[in-house]
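Residues per chain are reported as follows:
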Amino acid sequence: MKIPCYDCNTETELEVGFEVINFVCPNCQSLYARDKEGGFRRKSQYKTTLNDFPLSIGDVGFLKGSEYKVTGILVKNVQPSYRWTEFILQNKENEFIYLSLSNGHWMILTEMEETFNVKSHPLTLEYNDEDYDIFEFSNAEIINAQGFFDFELPVNQIIYLVEYIKPPFIISVERMNKVETAFHGEYIEKAAIKKAFPNILLPFQFGVNMIQPYRFNVKDTAIIFCFATLLIITANWYIYKDQFEQFVFSKTLSFNEFDNKEITSDAFVLKGGSAPLTIKVSTDVDNSWANLNVALINEETNDEIYANKDIEYYHGYSDGESWSEGNNSEEFNICGVKEGKYHLLITPMKAPEDHTNAEMRVNVVWNEPSSRNVWLVIIGLIVVYLIIRFFNYNFEKERWSDSSYSQYDN
């Protein structure tokens, strides 16, 4: 179809599969209506100069498994200044879809066969066994348009809207020209629009859209975290259920015999899950120091793990006060020791000038596995969930900030 505009001498041509009732010039927004002879006569003109649309009449994109082209554009406004743009698209089978753009957010809608009684603005609407919550009812007006339309565009008339949401879905009931129509819509990501229209320049996105989904499903996240917690606790119990504390070395070492000399322990076998090997050492240091060096040798793989600890104890009296620092006993771990056959290489040492310290007592225990890591992971999951829930609360609060039915404090 080719329609000339008598105001700006622009001719607009587009192949459409429907009877055109109204036409709006994309250049000057002059509104034309079909007369009795089948021609088009100028009826009025939209005064709003909002023409910076990301899509134009005739643009073609691939959506919902079909190729669609833009046949019409509407700009609607709710007082005082909430505006959104609707793009009407048609495919070769003469099926229509509608793209709605608001604050950079997109939703895709299709006309529904169902009808709903929303005159009394019920708080919920049931569809496909799902409850949709009322978001808003409002009076809108068309303030700008472009393209070809198979219906009469209301001029200086109000469009009655009632919107129900269940993110990422919406049911919008619209009454225009005394005809009521329901639309079902779904939030669509910018990437999908960009894929459908590769040459499009996407507008900046800000705020939270009425049906924009939160990044996380809070309920599903809670279920997943609970399942993960149960799995961690069960796995930890199963791995360590038969494991017990095992003493692998206990001896008092004389410095006269073993000072700075390596001692080899008897071989020992550890069975079960990984657990820390705890070394407890004590010696009678007095204003002096001692040291213990330990090597854990895996007899099957020859892997070696080394650890050492200084034992220091100093004390005195100065400026009228007594003081002390250090201790004559220490405890340290070799963490994550797996099952296997091992022996220890132990080297005790003391300060050369220390002639009073005679011995060092060493005890080595393969502990019962600690559940600390398990609880750290569980606490971490709880913290992450609480953070997700906190941001979800603020997300929903912003979503409902423009609604008269918000359950959140503004």
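Notes on the structure in this doc start here. The residue numbers shown here count from 1 along each chain, following its written sequence. Residues qualify for local features only when their pLDDT is at least 70, as the model is predicted, and side-chain atom pairs are given and counted only at 80 or more; totals for whole chains, interfaces and linings, by contrast, use all residues. Side-chain metrics in this entry use all non-hydrogen atoms of the structure; hydrogen atoms and water are not considered.

## Topic: the pattern of salt bridges
- Counted as salt bridges are all cases of a side-chain nitrogen of Lys or Arg within 4 Å of a carboxyl oxygen of Asp or Glu. Applying the stated criterion across every chain yields a total of 12 salt bridges.
- R42 is paired through a salt bridge with D7; the nearest N and O atoms lie 2.6 Å apart. Here R42 is found in strand 5 (residues 40-45), whereas its partner D7 is found in the loop between strand 1 (2-4) and strand 2 (11-13), with 35 residues between them in sequence.
- Summary of the burial criterion: residues with accessible area below 20% of their type's maximum are buried, those above 50% are exposed, and those between are partly exposed, where the area comes from a 1.4 Å probe applied to protein chains only. Under the relative-accessibility criterion, R42 is labelled partly exposed at 39%.
- When its relative accessible area of 41% is taken as the criterion, D7 is described as partly exposed.
- Where salt bridges share partners, they join K2, E11 and E13 into one cluster. Only DSSP runs of H or I covering at least 4 residues are called helices, and only runs of E covering at least 2 are called strands; the numbering of each starts at the N terminus.

## Structural notes on helix 2 (residues 218-240)
- Look at helix 2: 33 Å from first C-alpha to last across 23 residues, which is about the 33 Å you get at 1.5 Å a residue.
- In what follows, a contact means two residues having at least one pair of non-hydrogen atoms within 4.5 Å. Turning to helix 2, the residues buried within the fold contact helix 4 (372-399).
- For this analysis, a polar contact is any N or O atom pair within 3.5 Å, provided that within protein one partner can donate a hydrogen and the other can accept it, and provided that sequence-adjacent residues contribute only side-chain to side-chain pairs. With a side-chain oxygen positioned 3.2 Å from the backbone nitrogen of K219, the residue opening helix 2 is N217. The span expected for a helix works out to 1.5 Å for each residue beyond the first.

## Digging into the packing of aromatic side chains
- Pairing of aromatic rings covers Phe, Tyr and the six-membered ring of Trp, with a centre-to-centre limit of 6.5 Å; geometry is then stacked below 30 degrees between planes, edge-to-face above 60, and tilted otherwise. Following the criterion strictly, the structure yields 18 aromatic pairs and no others.
- With a centroid separation of 5.7 Å and 40 degrees between ring planes, the pair formed by Y82 and W84 is classed as tilted.
- When the ring of Y98 is compared with that of F183, the centres are 5.3 Å apart and the planes differ by 80 degrees; the resulting orientation is edge-to-face. One end of the pair, Y98, is in strand 9 (residues 96-102); the other, F183, is in strand 15 (residues 179-188), with 85 residues separating them in the sequence.
- The exposure class assigned to Y98 is buried, which follows from its relative accessible area of 16%.
- Judged by its relative accessible area of 12%, F183 falls in the buried class.
- Members of the aromatic cluster, each reached through a chain of ring pairs, are Y6, F23, Y32 and F148.

## Things to note about the pairing of strand 14 (residues 169-176)
- Most of strand 14 sits out of view: 6 of its 8 residues are buried.
- Bridging between strand 13 (residues 159-166) and strand 14 involves 7 bridges; their strand directions are antiparallel. Paired with K166 across the two strands is F169, which belongs to strand 14.
- Any two strands with at least two DSSP-identified bridges between them are counted as paired. Between strand 13 and strand 14, which pair antiparallel in sequence order, lie 2 residues.
- Bridging between strand 14 and strand 15 involves 8 bridges; their strand directions are antiparallel. Each residue of the ladder has a partner; that of M176, found in strand 15, is V179.
- Hairpin connection of strand 14 to strand 15: 2 residues between the antiparallel strands, including N177 at a positive phi of 55 degrees.

## Section: helix 4
- A rise of 1.5 Å per residue sets the reference length of helix 4, with its 28 residues, at 40 Å; its end C-alpha atoms lie 40 Å apart and thus fit the reference within 8%.
- Residues of helix 4 that are buried include every one of V374, I378, L381, Y385, I388, N392, F395, E396 and R399, and no others.
- Buried residues along helix 4 sit against strand 12 (130-149), strand 13 and helix 2.

## Considering the pairing of strand 7 (residues 66-78)
- Of all 13 residues that make up strand 7, 11 are buried, and the element is covered over most of its length.
- Taken together, strand 6 (residues 60-63) and the strand that follows it, strand 7, pair antiparallel across an intervening segment of 2 residues, in which K64 is found at a positive phi of about 50 degrees.
- One ladder, built from 9 bridges, connects strand 7 with strand 8 (residues 82-90); its direction is antiparallel. For N77, the partnering residue across the bridge sits in strand 8 and is R83.
- In textbook terms, the turn of a hairpin is the stretch between consecutive antiparallel strands, and for strand 7 and strand 8 this stretch comprises 3 residues.

## Digging into the environment of E299
- Following the sequence through the fold, E299 ends up in the loop between strand 20 (288-298) and strand 21 (304-318).
- Remark: the alpha-carbon pair of E299 and F268, spanning 31 residues in sequence, is separated by 9.7 Å.
- Setting aside residues up to four positions removed in sequence, E299 forms contacts with A267, K341, Y342 and H343.
- Reaching out from E299, the side chain makes a polar contact with the side chain of H343 at a distance of 2.8 Å.

## Let's talk about a negative patch on the surface
- Side chains of E126, D129, D131 and D133 sit close together on the surface and give a patch of like negative charge.
- Tracing the backbone through its elements, the reader meets D133 in strand 12. Patch rule: a residue counts if its relative accessible area is over 30% and it has no salt bridge; like charges are joined within 9 Å, and nonpolar side chains (Val, Leu, Ile, Met, Phe, Trp, Tyr) within 5 Å. Surface accessibility follows the Shrake-Rupley procedure with a 1.4 Å probe radius. Residue values consider only the protein chains on display as shielding. Positive charges come from Lys and Arg, negative ones from Asp and Glu, while His and the chain ends are left out of the count. By convention, the point assigned to a charge is CZ for Arg, NZ for Lys, CD for Glu and CG for Asp.

## Some thoughts on the sheet that holds strand 23 (residues 329-337)
- With respect to topology, 4 strands assemble into an open sheet ordered 16-25-19-23, the strand pairing being antiparallel. Sheet topology places strand 16 (246-254) and strand 23 at the edges, where each strand pairs with a single neighbour. Between one strand and the next, the sheet's axes are offset by a mean angle of 15 degrees, whatever the strand orientation.
- Note: strand 19 (residues 275-283) against strand 23, 7 bridges, orientation antiparallel. When the sheet's bridge partners are listed, K280 is paired in strand 23 with E331. All axes here are fitted lines through C-alpha atoms, helices being fitted over the stretch that makes contact, and every angle between N-to-C directions spans 0 to 180 degrees.

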